[in-house]
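Structural description and commentary
Residue strings, one per chain:
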Amino acid sequence: MTALAGGRLGAGEENWIDVRPLAAADLPSVLSLERSVYPTPWRTEHFARILDGPGGIGWVAAIRRGEIVGYAVGWVAADEAELANIAVVAERRKAGIGGRLLAVFRDAARARGARRLYLEVRASNRSARSFYEAHGFQLVGRRPAYYSRPREDALVMAVDLPGTG
């Protein structure tokens, strides 16, 4: 378990954030968050495949009283990793939780031998694109009509993971 750098997000110990591996017991909370963020949310089986599959990586950010306020999931295959989904509850955004989840995910991918981390983001999602760019990701491609509801292109972004052997 790792604590969020800087520790507290506000007054009171209930705001301390722990980042820990995603467990099956976390899925109801993660699914609820997923539904609140994405227009085409994943179902339980999508997350279960990551948890049960080879190379799957999942992390949650939770406040001390156990409430999950963010998650990041993806996988490693050979020397590449993909960040499939990352989300933070709306009222906790811009507090460093997404950056901490991304850093922990990157470290886990690197530890499993990944040399590069990829993701897709909606072309219209300027906020997410700025977040990823601030964390070193660069545009490497486009997937036309990748998303539905609404139909739009995905931008493929990547960042190298130095220090892998």
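Residues numbered from 1 in each chain as written. Predicted model: local features only at pLDDT ≥ 70, side-chain atom pairs only at ≥ 80, totals over all residues. Heavy atoms only, no water.

**Quick look at the overall build of the chain**
- Check the secondary structure of the chain and you find 4 helices and 8 strands.
- The helix and strand sequence of the chain, counted from the amino end, reads β-β-α-α-β-β-β-α-β-α-β-β.
- Across the 165 residues of the chain, 44% fall into the buried class.
- Taking the contacts inside the chain whose residues are at least 6 apart along the sequence as the reference set, 58% of them involve residues at least 24 apart.
- Summed over all atoms, the accessible surface of the chain reaches about 8500 Å², with 50% contributed by carbon and sulfur. (Helix = DSSP H or I, 4+ residues; strand = E, 2+ residues; numbered from the N terminus. Buried < 20%, exposed > 50% of the residue type's maximum accessible area, 1.4 Å probe, protein only. Contact = heavy atoms within 4.5 Å. Areas by Shrake-Rupley, 256 points an atom, 1.4 Å probe, with all protein chains shown as cover.)

**Regarding the packing of aromatic side chains**
- Overall, the coordinates contain 5 aromatic pairs when judged by the stated rule.
- Aromatic side chains Y132 and F137 sit 5.6 Å apart centroid to centroid with 65° between the ring planes, which places their arrangement in the edge-to-face category. For the pair Y132 and F137, one class covers both residues: buried.
- Among the aromatic residues, ring-to-ring pairing joins W42, F47 and Y71 into one connected group. (Phe/Tyr/Trp six-rings, centres within 6.5 Å; stacked < 30°, edge-to-face > 60°.)

**Observations regarding the pattern of salt bridges**
- Under the counting rule described, the total for this entry stands at 7 salt bridges.
- Of the charged contacts in the structure, one is a salt bridge between D153 and R142, with a shortest N-O distance of 2.8 Å. Here D153, found in strand β8 (residues 152–160), pairs with R142, found in strand β7 (residues 138–147); they are 11 residues apart in sequence, far enough to count as distant. (Salt bridge = Lys/Arg side-chain N within 4 Å of Asp/Glu carboxyl O.)

**Section: the pairing of strand β5 (residues 80–88)**
- Burial within β5 is extensive, with 8 of its 9 residues counted as buried.
- Relative to β5, strand β4 (residues 68–77) runs antiparallel, the two sharing 8 bridges. Looking at the pairing, A72 lines up with I86 of β5.
- Hairpin connection, β4 to β5: the antiparallel pair is bridged by 2 residues, and A78 has positive phi, about 55°.
- Here β5 pairs with strand β6 (residues 116–122) via 3 bridges, running parallel. Of the residues in β6, the one forming a bridge with A81 is L117.
- This β-α-β element, β5 to helix α3 (residues 97–111) to β6, shows right-handed connectivity. (Pairing = 2+ DSSP bridges. Right-handed = clockwise from strand over helix to strand, strands pointing away.)

**Considering the nonpolar core**
- The biggest cluster of nonpolar side chains holds 46 residues, and the ones touching the most others in it are W59, Y71, L83, L101, L117, Y132 and F137.
- Here this core takes 7 residues from α3, the largest share from any one element.
- Residues contacting Y132, with those up to four places away along its chain left out, are L83, I86, L119, V121, F137 and M157. (Core = buried A, V, L, I, M, F, W, Y, C linked by side-chain atoms within 4.5 Å.)

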